[in-house]
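An overview of the molecular structure
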Amino acid sequence: MQRAGYQVSIFESSPRTGGRIESIEMVGVMVETGPEFIHGHLKETLGLLKKYKIRYETIHGKIYRAWDGKISENYEMADGWDQLLEKMKSIDEDQPLNKFLDKHFPGDNFNELKKAAIGFAEGFDLADTKRASTKALIAEWEKEESGQYRIPSGYGTLVKSVENEFTNLGGKIFLNHKIERVDWDSDALNLYVRDQNKMNPDKLIISLPLSLLNQKKPRPESIVFHPSIDEKQKAFNQIGFGTVIKIVMIWNSPFWKQIVPDAQFIISDNIIPTWWTQFPQGIPVLTGWLGGPRAELLSDKPDSFFLEKALETLSSLFSVSAEKIKQELRDVRIFNWMNNPWSRGAYSYSLVGSGAAKAICRKSIQNRIYFTGEAYYDGPFPGTVEAAVVSGLETARQLLQEL
């Protein structure tokens, strides 16, 4: 936009830029509060890293699964997983995942397979499987790439690089400037900030999380439109939005290496079901991940609850007393994204009918108001930084075409 000769300002509700991307330091170790991985050879994300000369590295550890008190290396999701994927690809009419599973995999013989499918959709996609689109899930799952990457200096370095380029080109960023109301009609566009200051931009791009736009369950942080944008609101309600609780634990030493020396991910049916290490780096960090409806149900619990459950889970996984494990713990942080007032959740997933809803969201209002973000992305890598970047680029092109 700036390179095309237009003056651009960003009004950021929170005290920093980046949204859910934030790299922080814990006892000398860089950790990610939100996005951490690059899931595959993602063109735009990797292109930005190369542009700004930010190093990224391949991760290649193994996946371990823990069931019935045993932990073992296992790349298979469950018996019959390939059959499940083929059946998901073959359906003509879209339907929620739970309904699909009940119809095509009935009976107790498929209980473990159904449990694995629901667990993966909840954990990876943060999806409510009673509503999540089977067609959207398979479109993503079959595109899953083997290459996985991390940014040693943190995703935050990418945000800072983009921010620096933006301001060097004359862009302005106003932190702690929450837009509370948007008044629009055929003649004027007025924005009202928290302190009641009024601004009159020519164009407006809104990149708020879906949770702060969905007026079906309005929050104090939500933005108000006058007149109401009923068609858009209906579309917002037809896109799913999940949450996650991320637990980052730093230890005196990587005690788990005695049992899983080359583990990247450890999956179980414990209350905190997914864990990962910093392999191949020897950094003594374990990260726990609880996503989807269960995370939402537990989101009002205090941090002490999640610490206790994390210690119980690790004690069970590695057959070590919780008290002994606790003695090895140097620091811990719990990132409960439902309780973050500028996010109120993590990222989106598709419901049956979300494709049409996203198309509606991508249309501008009178060539003046635009919505952008990962929730409106319609490609094979939903819920990612890549999705957000692609959406932003598409919105910028659309705006320039409609000038």
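Before reading further, recall that the structure is shown in the block above.
We now examine the environment of Asp183. Along the polypeptide, Asp183 turns up in strand 10 (residues 179–184). Only 2.9 Å separates the side chain of Asp183 from the side chain of Arg181, close enough to count as a polar contact.

Here we take up the nonpolar core. Of all hydrophobic cores here, the largest spans 27 residues; its most connected members are Ile247, Met249, Trp251, Trp275, Phe306, Leu314 and Phe318. Every element with two or more residues in this core is listed here: strand 6 (62–67), strand 16 (244–251), strand 17 (263–268), strand 19 (285–291), helix 9 (303–318) and strand 20 (329–336). With 25 residues, the next largest nonpolar core counts Val182, Leu213, Phe225 and Phe241 among its residues.

We now examine the packing of aromatic side chains. For any pair of aromatic rings, geometry is given as the distance between the ring centres together with the angle between the planes. The tally for this structure, following the rule as stated, stands at 19 aromatic pairs. Ring centres 5.4 Å apart and planes at 90° place the aromatic pair Tyr56 and Tyr149 in the edge-to-face group. Taken as a pair, Tyr56 in the loop between helix 1 (43–51) and strand 5 (57–58) and Tyr149 in strand 8 (residues 148–150) lie far apart in primary sequence, 93 residues in all. For Tyr56, a relative accessible area of 24% translates into the label partly exposed. Residue Tyr149 is classed as buried on the basis of its relative accessible area of 9%. Aromatic pair Trp81 and Trp141: ring centres 5.7 Å apart, planes at 25°, arrangement stacked. Placement of Trp81 in helix 2 (residues 81–90) and of Trp141 in helix 5 (residues 134–141) is noted, with a sequence separation of 60 residues between them.

Rules used throughout
- Residues numbered from 1 in each chain as written.
- Predicted model: local features only at pLDDT ≥ 70, side-chain atom pairs only at ≥ 80, totals over all residues.
- Heavy atoms only, no water.
- Helix = DSSP H or I, 4+ residues; strand = E, 2+ residues; numbered from the N terminus.
- Polar contact = N/O pair within 3.5 Å; in protein donor to acceptor, adjacent residues only side chain to side chain.
- Core = buried A, V, L, I, M, F, W, Y, C linked by side-chain atoms within 4.5 Å.
- Buried < 20%, exposed > 50% of the residue type's maximum accessible area, 1.4 Å probe, protein only.
- Phe/Tyr/Trp six-rings, centres within 6.5 Å; stacked < 30°, edge-to-face > 60°.

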